[in-house]
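Fold and contact review
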Number of protein chains: 2
Amino acid sequence: MERGSSLPARASGSAGTDPAALRVDAGSRSPVRVFAPASVSNLGCGFDVFGLALEEPGDEVAVRGVAGSGIVSLTVAGGGGRVPGDPASNAATIAAQSVMHRLGSDAGVAVELRKGIPLASGLGGSAASAVAGAVAADALLGGGLDRTALLECALLGEREGSGANHADNVAPSLAGGFVLVLPGRTPQVVELPTPAGLTLAVAHPAIEVETLRARTILGDTIPLAAGVRQWGHTAGLVAGLFREDWELIAHCLCDAVAEPLRAKLVPGFAKVREAALGAGAAGAGLSGSGPSVFALCRGRTVAERAAAAMAAAFCDEAGLGSDTVVSPVNRVGARVLETG
Amino acid sequence: MERGSSLPARASGSAGTDPAALRVDAGSRSPVRVFAPASVSNLGCGFDVFGLALEEPGDEVAVRGVAGSGIVSLTVAGGGGRVPGDPASNAATIAAQSVMHRLGSDAGVAVELRKGIPLASGLGGSAASAVAGAVAADALLGGGLDRTALLECALLGEREGSGANHADNVAPSLAGGFVLVLPGRTPQVVELPTPAGLTLAVAHPAIEVETLRARTILGDTIPLAAGVRQWGHTAGLVAGLFREDWELIAHCLCDAVAEPLRAKLVPGFAKVREAALGAGAAGAGLSGSGPSVFALCRGRTVAERAAAAMAAAFCDEAGLGSDTVVSPVNRVGARVLETG
């Protein structure tokens, strides 16, 4: 899976960067290309706070210096013509523009976005586009922004793409891992340990769920009793991950808040989840707001079985075809594939 | 602080116990005496799910065999005459009776309860009485019930005392430690690690807050956004405890759900909390439903400073005297002081 160099764990900030060094010569180099992976957020109990990166699929952004100033052009491959082609409303270019603004660069930049993550799939596609855009712009300009700065820039892009303002997809897509994101003006990202063998199975059925609709369905309040279950389970899941206690992990991988309301948006969901558990998954649920369903498994063999069982259930219960992915937690996050 | 022998970590169950062995000879022995410690529940973000045991204060229950059958008498010391003297409505005797019922014992038992924990103080007094009653009855009868059984019996007693049906006070009072209690018909207790030096300061002002009133004030629903903060923080607090990351612990020691509504029940609360933080506490908040305020501190010196600062603030802001306790996490829980 190593397709390129990983990001430095903590690059230096931009405070001392010489603005003159941030200019790029128009057309003088081959593009900088960046891959940012899909992610599974929520993970049962952790609505808006847990997320993890997959190895694939992912979105790619290529940027190169051109004549002019700012984002001069945007071309999009994939996404069936439904990804915004206007740089002012595209997650990747908004994030890239935010990086350029932060670096004080007025370089001219041409952007190509290649969507590898299906639209409205619940796999963090907007987040991946935004992360790839931010990292690519920073690499092109030699900005050396640190992770927090890149996270903030990518969040601006993802907000445009999904309406969300939380980093549970952006953070793992950027830096990899299974993370806890603590809400705040600058979200705090806490990387969690994962037991050896932890493997994800994901089934993505051939329907779409719009993130905004899935959010509206939740309303603004929840029952206190459901809240108590939820914050007990997030605490327990973290303890389970630290202790490699699969029984505790399995016990806590459930969602008392969002899934009961969102399940109806995904035909066959209950049976698909049941199929994953029947195949030996420790837990299963909606990936983000769906329609993709994740299963968290102990070992690749179980995950492959769970993926097949979920695909079969989507077919049997709802007549839906589905793509499946089996992946460990991606520890790297966004990767520069070509340095230009 | 070692006042007696600790409970066995996991005693054998009662399945194979010979009922004949569970009779006690009336008046033949000195009483069995048990101490069960006070506890701090909620701990900021963990409403109804986190609790920890203090070394003191605590309640004591003495039981001895007498003529007759069942709980023959109950005497109560402490509590200003306001602790129920009817065995059918007292937390300690309900728990003891539940143990006797589970063991199939029709022995006659006299119970003495000595309240060391102030009433309606937010320090788990009903839970401690119930735990002491359950452990004492089991020890008197040689029942050898395991922790889960003792927890269930004590919960029946605490339900009578406080109306609550969650084990965030009973579990630490019984077995010690800083615990996560996962709700369920039989609550699952997960012991959490604590960083070296973790010390509690508690200030108990001279007022009372009735648990039932403090619960009613919460209503049945909470804002979704507050819920997200809360389950992010419980997850983060557990990660902080495992990593001994005091910065993360401090960040997560806040309550987005109950404290904002309950603070008004405790005059001067905001300033008392501020005083604890000003004295160097990592975090502070209501102990249970209050009025006691806890401060979680790194090291005894800081905790002593925080306790004094909280007491001074209660006096300055609300004209209230207060008792203070400084204690590490009690790792033992309930202790048999005399075996009869």
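All values derive from a computational prediction rather than experimental measurement.

**Notes on the confidence of the model for chain A**
Residue and element names in this part refer to chain A. Taken as a whole, chain A shows an average pLDDT of 91; of its residues, 91% reach a score of 70 or greater. Note on residues 1-17: pLDDT under 50 across the span, and 34 contacts to partners over four residues away in sequence or across chains. Confidence metrics for the complex model read pTM 0.92 and ipTM 0.92.

**Some remarks on the packing of aromatic side chains**
Applying the stated criterion across every chain yields a total of three aromatic pairs over all chains. Both rings, one in A:Phe242 and one in B:Phe242, keep their centres 4.6 Å apart while their planes meet at 15°; by these two values the pair is stacked. Note that A:Phe242 is positioned in helix α6 (residues 224-243) and B:Phe242 in helix α6 (residues 224-243), a pairing that runs across two chains. Ring geometry for B:Phe50 and B:Phe178: centres 5.9 Å apart, planes at 85°, overall edge-to-face. With a gap of 128 residues between them, B:Phe50 in strand β3 (residues 50-66) and B:Phe178 in strand β6 (residues 178-182) connect regions that are remote in the sequence. On the basis of relative accessibility, which here comes to 1%, the residue B:Phe178 falls in the buried class.

**Description of the sheet that holds strand β10 (residues 283-286) of chain B**
All names here are of chain B. Judged by pairing direction, the sheet is antiparallel, and its four strands sit side by side in the order β10-β11-β8-β12 without closing on themselves. Of all the strands in the sheet, just β10 and β12 (322-328) have a single pairing partner and so form its edges. Strand-to-strand twist across the sheet, computed as the mean angle between neighbouring axes with direction ignored, equals 20°. The pairing of β10 with strand β11 (residues 293-298) spans four bridges and is antiparallel. Residue pairing across strands places glycine 283 opposite leucine 296, the latter belonging to β11. Contacts from helix α10 (residues 300-318) reach β8 (198-205), β11 and β12, with the element oriented near 15° to β8.

**Section: the side chain of A:Asn42**
Residues and elements named next belong to chain A. Mapped onto the fold, asparagine 42 is located in the loop between β2 (32-41) and β3 (50-66). Among the polar contacts made by the side chain of asparagine 42, one reaches the main-chain carbonyl oxygen of glycine 288 at a distance of 3.4 Å. With residues near it in sequence (within four places) discarded, asparagine 42 still touches Phe47, Asp48, Phe50, Asp168, Arg262 and Gly288.

**Some remarks on the pattern of salt bridges**
Scanning the entire structure with this criterion turns up 20 salt bridges over all chains. Among the salt bridges present, the one from A:Asp59 reaches A:Lys115, with a minimum N-O distance of 2.5 Å. Of this pair, A:Asp59 sits in strand β3 while A:Lys115 sits in the loop between β5 (108-114) and α2 (125-141); the two residues are 56 residues apart in sequence, bridging distant segments of the chain. Taken individually, A:Asp59 and A:Lys115 each receive the classification buried, so the pair is uniform in this respect. Across the salt bridge formed by B:Arg215 and B:Asp48, the nearest N and O atoms sit 2.8 Å from each other. Of this pair, B:Arg215 sits in helix α5 (residues 211-216) while B:Asp48 sits in the loop between β2 (32-41) and β3, and the two are 167 residues apart along the sequence. Its relative accessible area of 26% is what places B:Arg215 among the partly exposed residues. A relative accessible area of 10% means that B:Asp48 is categorised as buried.

**A short note on the relation of the copies chain B and chain A**
In the superposition of chain B on chain A (RMSD 0.0 Å, axial shift 0.0 Å), the rotation amounts to 180°. Both copies are brought into coincidence by an operation consistent with a two-fold rotation axis. A high fraction, 100%, of the interface residues of chain B reappear at the interface in chain A, so the copies pair face to face through one surface.

**Points about the packing of α6(A) against α6(B)**
As a packed pair, α6(A) and α6(B) sit with axes 8 Å apart at the nearest point and diverge in direction by 25°. As summarised for this structure, α6(A) and α6(B) are arranged roughly parallel, according to the angle between their axes. With respect to the hand of their crossing, α6(A) and α6(B) are arranged in right-handed fashion. The residues of α6(B) that touch α6(A), namely those facing A:Gly227, A:Gln230, A:Trp231, A:Thr234, A:Ala235, A:Val238, A:Ala239, A:Phe242 and A:Arg243, are B:Gly227, B:Gln230, B:Trp231, B:Thr234, B:Ala235, B:Val238, B:Ala239, B:Phe242 and B:Arg243. Considered class by class, the residues forming the contact of α6(A) with α6(B) number 10 nonpolar, six polar and two charged.

**Some details on unusual backbone geometry**
Cis geometry marks the peptide bond from A:Gly290 to A:Pro291; its omega dihedral reads 5°. Mapped onto the elements, A:Pro291 comes out in the loop between β10 (283-286) and β11 (293-298). That bond from B:Glu56 to B:Pro57 is cis: its omega, 0°, falls within 30 degrees of zero. For B:Pro57, the position within the fold is in strand β3. Phi is positive for B:Asn42, close to 75°, though the residue is something other than glycine. We classify B:Asn42 as buried; its relative accessible area is 5%. For B:Ala120, which is not glycine, the phi torsion reads 50° and is therefore positive.

What counts and how
Residues numbered from 1 in each chain as written. Chains lettered and ligands numbered in written order. Predicted model: local features only at pLDDT ≥ 70, side-chain atom pairs only at ≥ 80, totals over all residues. Heavy atoms only, no water. pLDDT = per-residue confidence, 0-100. Contact = heavy atoms within 4.5 Å. Phe/Tyr/Trp six-rings, centres within 6.5 Å; stacked < 30°, edge-to-face > 60°. Helix = DSSP H or I, 4+ residues; strand = E, 2+ residues; numbered from the N terminus. Buried < 20%, exposed > 50% of the residue type's maximum accessible area, 1.4 Å probe, protein only. Pairing = 2+ DSSP bridges. Axes fitted to C-alpha atoms, helices over the stretch in contact; angles between N-to-C directions. Polar contact = N/O pair within 3.5 Å; in protein donor to acceptor, adjacent residues only side chain to side chain. Salt bridge = Lys/Arg side-chain N within 4 Å of Asp/Glu carboxyl O. Least-squares fit on C-alpha atoms with pLDDT ≥ 70 in both. Parallel < 35°, antiparallel > 145°, perpendicular 65-115°, else oblique. Left-handed = near helix turned anticlockwise from the far one by under 90°. Nonpolar A, V, L, I, M, F, W, Y, C, P; charged D, E, K, R; others polar.

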